[in-house]
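Architecture at a glance
The residues making up each chain are set out below.
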Amino acid sequence: QVPPYVFFFMCCASYRIHSIFVLRLFNDPVAMAILFLAINLLLEERWSWGCLLFSLAVSVKMNVLLFAPGLLFLLLQRFGLLGCIPKLCICALLQVVLGLPFLLANPVAYLTRSFDLGRQFQFKWTVNWRFLPEEVFQNRAFHALLLLAHLAGLALFALHRWHRSKESILSLLKDPAERKPPSPPLSVNNILWQASGVCPLNARAQIVFVLFSSNFLGVCCSRSLHYQFYVWYFHTLPYLLWCTPTSKLAHMPKVLLLGVIELCWNTYPSTVCSSLSLHVCHGLVLLQLWYGTAPPPAPQPPQPSRKPAPLSRKSQ
C-alpha cells in the first residue's frame, strides 16, 4: 500500500536511523530486527516460532513489549483463550531459560533490575517532553497519567478498530470454531478497498495493523523518548500512514508528516518547538488511523417505491 517513492525518501532522509544502526551501535536495532523477523513468521502462520522470536527480541530490549498487547489480541483472535496459552508459555519459557544463570546467582537483583519499569529518565535526553518543566517531567503523577492514556488508547483501538466481528469482544475468549460467525483465517494478502472511503482490514493486513498500532500507541504515551528510540517505530510509519485511504489524508501531507517527524528527531538538543511538533505529528497519525479504519456504515434497506400521483389536466 505504500508508494515506492516513500522508500526513496526514507533512504535519503534517515540520517538519525543510520547513526543509531552504524555509528552508535545501540541494541535497539538488534531487537527490532528480531521483532520484524517474528512478524514475518506470524504472517506465514508460524505462530509458535513467531512467539519464540518475539520473546527473544524482548530479551534484547524491553521496548518490544509495546507490541505485546497487539500480539495478545491476535493470539486470542486466532486460537481463543485456551489455544493461546501454549504460545504464551513459549514466550515465558525462553525468558526463564535466558535468565537462568542470573536467577540461580541472585534472583532478586535480576528481577528488580532487569524489569525495572519505574526508573527515571534524564530530562536532558528527552525528545518528546522538552516543552514541560523538569519537575513535571519527573513527577510520578504525570507518569501515571501517561499510563492511563496508554491503557485507554489500547482499549479504544481493541474495541473499535482491532475487533472487526459483530460479536462482543469477549467472544475472543471462545474457541474460534464456536464463534458466530467464525473468525476468518489469517491468510489473505490484499486490503480490500470500498467506495465508502474506508479500508476494511483483512486478516493478514490486520496482523500488521494491530501490531504496528499497538506499538505506536505506546510510543505516543512514552514517559520519554531518547534519540535511539526513533528506531522503535521508524520503519512502521509508512504503513501506518498509507494503510488508510488517501481520501482521509492525501499523499503529500503524509510525506510532509514523515519529513517533520524526521526533522524533530534530528534536532539536537530538542527544543520546545521540536517536541511540540512531534506530538502534533503523532496526534495527526492517530487521528487518520482512527477515522481511516472506521468500519463501513451499515447498508440501508431499499426504500419502497411509491407510485407518482397523477398530474391534473391543468398542470398537464
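What counts as what
Residues numbered from 1 in each chain as written. Predicted model: local features only at pLDDT ≥ 70, side-chain atom pairs only at ≥ 80, totals over all residues. Heavy atoms only, no water. Core = buried A, V, L, I, M, F, W, Y, C linked by side-chain atoms within 4.5 Å. Buried < 20%, exposed > 50% of the residue type's maximum accessible area, 1.4 Å probe, protein only. Helix = DSSP H or I, 4+ residues; strand = E, 2+ residues; numbered from the N terminus. Contact = heavy atoms within 4.5 Å. Phe/Tyr/Trp six-rings, centres within 6.5 Å; stacked < 30°, edge-to-face > 60°. Lys NZ or Arg CZ within 6 Å of the ring centre and 35° of its normal. UniProt positions renumbered as here; feature names shortened; annotations may be inferred. Patch = residues over 30% accessible without salt bridge, like charges linked within 9 Å, V, L, I, M, F, W, Y side chains within 5 Å. Areas by Shrake-Rupley, 256 points an atom, 1.4 Å probe, with all protein chains shown as cover. Salt bridge = Lys/Arg side-chain N within 4 Å of Asp/Glu carboxyl O. Expected span 1.5 Å × (residues − 1).

**Quick notes on the nonpolar core**
Counting 72 residues, the largest nonpolar core has Leu211, Tyr233 and Trp265 as the members making the most contacts within it. In terms of residue count, helix H9 (residues 203-220) provides more of this core than any other element does, 11 residues in total. With residues near it in sequence (within four places) discarded, tyrosine 233 still touches Asn215, Phe216, Val219, Ile261, Trp265, Leu278 and His282. One finds Phe123, Trp129, Leu132 and Phe142 within the second-largest nonpolar core, a separate group that totals seven residues.

**Describing the packing of aromatic side chains**
With the rule as written, the count across this model stands at 17 aromatic pairs. With a centroid separation of 5.9 Å and an interplanar angle of 85°, the aromatic rings of phenylalanine 212 and tyrosine 239 are classed as edge-to-face. Placement of phenylalanine 212 in helix H9 and of tyrosine 239 in helix H10 (residues 237-242) is noted, with a sequence separation of 27 residues between them. With respect to class, phenylalanine 212 is no different from tyrosine 239; both count as buried. Look at phenylalanine 229 and tryptophan 232: their rings are 4.1 Å apart centre to centre, the planes differ by 15°, and that puts the pair in the stacked class. Assigned by exposure class, phenylalanine 229 and tryptophan 232 land together as buried. Aromatic ring contacts, followed pair by pair, group Phe216, Tyr230, Tyr233, Phe234 and Trp265 into a single cluster. Here the guanidinium or amino end of lysine 87 rests over the ring plane of phenylalanine 79, the centre of that ring lying 4.5 Å away. Lying across the ring of tryptophan 290, arginine 161 places its NZ or CZ 3.9 Å from the centre.

**Regarding unusual backbone geometry**
In the segment running from tyrosine 268 into proline 269, the intervening peptide bond is cis, with an omega of -10°. Here proline 269 shows up in the loop between helix H11 (251-265) and helix H12 (272-292). Positive phi, normally seen in glycine, also occurs at glutamate 45, with a value near 70°. Note on placement: glutamate 45 falls in the loop between helix H3 (28-43) and helix H4 (47-60).

**Some remarks on the UniProt feature "transmembrane region" (unreviewed entry) in the protein chain**
Residues annotated by UniProt as "transmembrane region" (unreviewed entry) correspond here to residues 21-41, 47-76, 88-110 and 141-159. A distance of 23 Å separates the end C-alpha atoms of residues 21-41, which is 81% helix and 0% strand.

**Points about a nonpolar patch on the surface**
A cluster of nonpolar side chains, contributed by Val280, Leu284, Leu287 and Tyr291, occupies part of the molecular surface with about 400 Å² of accessible area. Its place among the elements puts leucine 287 in helix H12. Residue leucine 287 is classed as partly exposed on the basis of its relative accessible area, which comes to 46%.

**So, H4**
An α-helix turns once every 3.6 residues. As a result, residues three or four positions apart point the same way. Taking 1.5 Å as the rise per residue, H4 with 14 residues should run 20 Å; its terminal C-alpha atoms sit 20 Å apart, in good agreement. Trp47, Gly50, Cys51, Leu53, Phe54, Ser55, Ala57 and Val58 are the residues of H4 that are buried. Among the structural elements, H3, helix H5 (68-105) and H9 are those in contact with the buried residues of H4.

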